[in-house]
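Observations on chain architecture
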Amino acid sequence: QLACPLDLGCHSVSIAKMVKIIAPEDLRDILLATPQSVAVVDVRDEDFAGGNIPGCIHVPSEIFGSKVDELAKKLNGKDKVVFHCMYCQQRGPSCAEAFEDALKSLFPTSTTTTCFLYGGFRKWVHRYGKEPALVENT
């Protein structure tokens, strides 16, 4: 079961090996202060319509498996890589775990932290939908 994170930063969850959870407020703070330190990967499929986090990388979950190694090579070295889907109940966490496995396989000493966004894009757009720096293409 997922619990709402109460502290700052990323938090461990029991459903994934080394994948963390990040609160929307914490991701917002990072995106506004040091956007180059984080990569946001949106794994929504046909539900990608209706907005996105600016600068996100869209890799639909239905093709994620064929792109995961390429993505790990591209994003290794970021402080954090944050995954999300609409609700982050299945696709976001699953893709984050697959990414973490690929990252650690290709780069065993990588210091990149893999996270998924608590509440997914639904919670994000509910909180920040009127802020152009945080949501675009609505």
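Look a little higher up for the structure.
Cut-offs applied
- Residues numbered from 1 in each chain as written.
- Predicted model: local features only at pLDDT ≥ 70, side-chain atom pairs only at ≥ 80, totals over all residues.
- Heavy atoms only, no water.
- Core = buried A, V, L, I, M, F, W, Y, C linked by side-chain atoms within 4.5 Å.
- Buried < 20%, exposed > 50% of the residue type's maximum accessible area, 1.4 Å probe, protein only.
- Helix = DSSP H or I, 4+ residues; strand = E, 2+ residues; numbered from the N terminus.
- Salt bridge = Lys/Arg side-chain N within 4 Å of Asp/Glu carboxyl O.
- Phe/Tyr/Trp six-rings, centres within 6.5 Å; stacked < 30°, edge-to-face > 60°.
- Lys NZ or Arg CZ within 6 Å of the ring centre and 35° of its normal.

1. Quick notes on the nonpolar core
Grouped together as the largest cluster of nonpolar side chains are 39 residues, with contacts concentrated most on Leu27, Ile53, Phe64, Leu71, Phe83, Phe99 and Trp124. Sorting the residues of this core by element identifies strand E2 (20–22), helix H1 (24–33), strand E3 (38–42), helix H2 (64–75), strand E5 (80–84), helix H3 (91–106), strand E6 (113–117) and helix H4 (120–128) as the ones contributing at least two each.

2. Here's the deal with unusual backbone geometry
If a residue is not glycine, its phi is most likely negative; likewise, a peptide bond is most likely trans. A positive phi angle, near 55°, is found at Cys88, a position not held by glycine. Residue position: Cys88 is located in the loop between E5 and H3. Located in the positive-phi region is Asn137, a residue other than glycine, with phi close to 60°. As for its position among the elements, Asn137 is in the segment after H4. Exposure remark for Asn137: the relative accessible area of 56% places this residue in the exposed category.

3. Observations regarding the pattern of salt bridges
According to the stated counting rule, one finds six salt bridges in the structure shown. Close ionic contact of Glu25 with Arg127 constitutes a salt bridge, the shortest N to O distance being 1.6 Å. With Glu25 in helix H1 and Arg127 in helix H4, this pair connects stretches of sequence that are 102 residues apart. Using a relative accessible area of 28% as the deciding quantity, one classes Glu25 as partly exposed. We note a salt bridge from Arg44 to Asp42, for which the minimum N-O separation is 2.6 Å. Given the relative accessible area of 0%, Arg44 is considered buried. Taking relative accessible area as the criterion, Asp42 reaches 0% and is therefore assigned buried.

4. What to know about the packing of aromatic side chains
The geometry of an aromatic ring pair comes down to the distance between the two centres and the angle between the two planes. Using the criterion set out here, one finds three aromatic pairs in the structure. Centre to centre, the rings of Phe64 and Phe83 are 5.8 Å apart; their planes meet at 80°, and the pair counts as edge-to-face. Of this pair, Phe64 sits in helix H2 while Phe83 sits in strand E5, and the two are 19 residues apart along the sequence. For the pair shown, Phe64 and Phe83 are each scored as buried. Residues Phe83 and Phe99 carry aromatic rings whose centres are separated by 5.2 Å and whose planes lie at 55° to one another, so their mutual orientation is tilted. Of this pair, Phe83 sits in strand E5 while Phe99 is found in helix H3, placing the two residues 16 residues apart along the sequence. For the pair Phe83 and Phe99, one class covers both residues: buried. Three or more aromatic residues joined by ring pairs make a cluster, and in this case those are Phe64, Phe83 and Phe99. Lying across the ring of Phe121, Arg44 places its NZ or CZ 4.1 Å from the centre.

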